[in-house]
Amino acid sequence: MQCILCDNFDTMQIQDHGNYRLFHCPFCDLVFSHPMKHPGKDFYEKHYQTRFVEPPVIRWAHKMFLNNSFIKKGTLLDIGCGRCDFLHLAQKIGFNVTGIDIDEASILEGKKRYGLQGLHIIMIDEMIDAFKDKHFDVIAFFEVLEHMVEPNSFIKQVKYLLKKGGYVFLSVPNRSRLVKSKGDRPPKHFTRWNEKSLKVLLEKNDFEILDLKKRQ
Ligand SMILES: [Zn+2]
């Protein structure tokens, strides 16, 4: 099976999950699914019900950004923003925020709760059209990459929407640390990343890695 990241053919099947099989590429160290195909809207409606946790929990990756970011103002796009708990805090520290998510209930709740304006219920594929003339200083996507069926195209879209010299902040489940769970299988997650594979993806798309943090 050809690697979806580095195009090498010498990959090895490591798991079989019915309609989906998982392959490991020894060159870029990515674990990826075959096929890389969404099962359709019904699957997501059945498996992902919108639940709001009270009080809002600020995730580890969000805290890392909010507490350590060397940039604290400018325009920020959060892809997969959910209920906007993070966007709300990002706005508070000085960012002009925009968020997108396909989950309507989350976006409506974000609008209602935080009064945020720049929220859009759109798919990733619609981002370029939606923000044609807008480029962001910062683009963030936390726990999003592993859901993408075309991670390479996704990164290219992100790059297109980023200002020259802009910054990307992202998080993924760390495959080296992860406790194996059903949630980490395709078609929920199509890829499993570690430091090496993430580096290959980003450097191949001309990003310079400035910092990497691992949760202990
Ligand atoms: Zn590879």
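Residues numbered from 1 in each chain as written. Predicted model: local features only at pLDDT ≥ 70, side-chain atom pairs only at ≥ 80, totals over all residues. Heavy atoms only, no water.

> Quick question: what am I supposed to make of the packing of helix H6 (residues 151–161) against helix H7 (residues 195–204) here?
Packed helix pairs are characterised by how far apart their axes lie and by the angle those axes make with each other. One way to put it is that H6 packs onto H7 with a least axis distance of 10 Å and a crossing angle of 50 degrees. The angle between H6 and H7 falls in the class oblique. For the crossing formed where H6 meets H7, the hand is right-handed. Here Pro151, Asn152 and Ile155 of H6 lie close against H7, whose contacting residues are Leu201, Leu202 and Lys204. Taken together, the residues that form the contact of H6 with H7 break down as 4 nonpolar, 1 polar and 1 charged. (Axes fitted to C-alpha atoms, helices over the stretch in contact; angles between N-to-C directions. Helix = DSSP H or I, 4+ residues; strand = E, 2+ residues; numbered from the N terminus. Parallel < 35°, antiparallel > 145°, perpendicular 65-115°, else oblique. Left-handed = near helix turned anticlockwise from the far one by under 90°. Contact = heavy atoms within 4.5 Å. Nonpolar A, V, L, I, M, F, W, Y, C, P; charged D, E, K, R; others polar.)

> Please explain a negative patch on the surface as it appears in this structure.
A surface patch of like charges, here negative, comprises Asp125, Glu126, Asp129 and Glu150. With respect to the helices, strands and loops of the structure, Asp125 is situated in the loop between strand S6 (119–121) and helix H5 (127–130). Accessibility expressed as a relative area gives 58% for Asp125, which makes it exposed. (Patch = residues over 30% accessible without salt bridge, like charges linked within 9 Å, V, L, I, M, F, W, Y side chains within 5 Å. Areas by Shrake-Rupley, 256 points an atom, 1.4 Å probe, with all protein chains shown as cover. Salt bridge = Lys/Arg side-chain N within 4 Å of Asp/Glu carboxyl O. Lys, Arg positive; Asp, Glu negative; His and termini not counted. Charge placed at Lys NZ, Arg CZ, Asp CG, Glu CD. Buried < 20%, exposed > 50% of the residue type's maximum accessible area, 1.4 Å probe, protein only.)

> For this particular structure, what's the right way to read the coordination of the zinc ion?
Four donors placed tetrahedrally around a metal ideally meet at 109.5 degrees, and six donors placed octahedrally ideally meet at 90 or 180 degrees. Within the protein, Cys3 (SG), Cys6 (SG), Cys25 (SG) and Cys28 (SG) serve as the donor atoms for the zinc ion, at 2.2 to 2.3 Å. In the primary sequence, the donor residues of the zinc ion line up as C-x2-C-x18-C-x2-C. Separated by 19 residues along the polypeptide, Cys6 in the segment before strand S1 (12–17) and Cys25 in the loop between strand S2 (20–24) and strand S3 (31–34) bring together distant segments of the chain. (Donors = N, O, S within 2.8 Å, 3.2 Å for Na, K, Ca; no water.)

> Would you mind going over H7 with me for this structure?
Quick reminder: α-helices carry 3.6 residues per turn. Residues three or four places apart thus point the same way. Listing the buried residues of H7 in full gives Ser197, Leu198, Leu201 and Leu202. Projected down its long axis, H7 shows its buried positions confined to an angular sector of 130 degrees, all on one face. Buried residues in H7 make contact with H6, strand S8 (162–171) and strand S9 (191–192). At the C-terminal side of H7, Asp206 shows a positive phi close to 65 degrees. (Arc of directions from axis to C-beta.)

> Help me out: how do you make sense of helix H2 (residues 60–68) in this one?
Taken residue by residue, H2 has Ala61, His62, Phe65 and Leu66 as its buried positions. Taken end-on, H2 shows its buried residues confined to a sector of 130 degrees, consistent with a single buried face. The inward-facing, buried residues of H2 abut strand S4 (74–79), helix H3 (85–92), strand S5 (95–101), strand S7 (136–142) and S8.

> Mind showing me how you'd approach the pattern of salt bridges here?
Pairing is possible between side chains that carry opposite charge, provided their charged atoms lie close to one another. Under the criterion given, the structure shown has 12 salt bridges. Residues Lys159 and Asp206 are paired through a salt bridge, measuring 3.2 Å at the closest nitrogen-oxygen approach. You can see Lys159 sitting in helix H6 and its partner Asp206 sitting in the segment after H7, a full 47 residues away along the chain. In this structure, Glu195 engages Lys214 in a salt bridge whose closest nitrogen and oxygen atoms are separated by 2.8 Å. On the criterion of sequence distance, the pair formed by Glu195 in helix H7 and Lys214 in the segment after H7 is long-range, its members being 19 residues apart. In this structure Glu195 comes out as partly exposed when scored by relative accessible area, which is 41%. Because the salt bridges share partners, they merge into one network encompassing Glu54, Arg83, Asp85, Glu109, Lys112 and Arg113.

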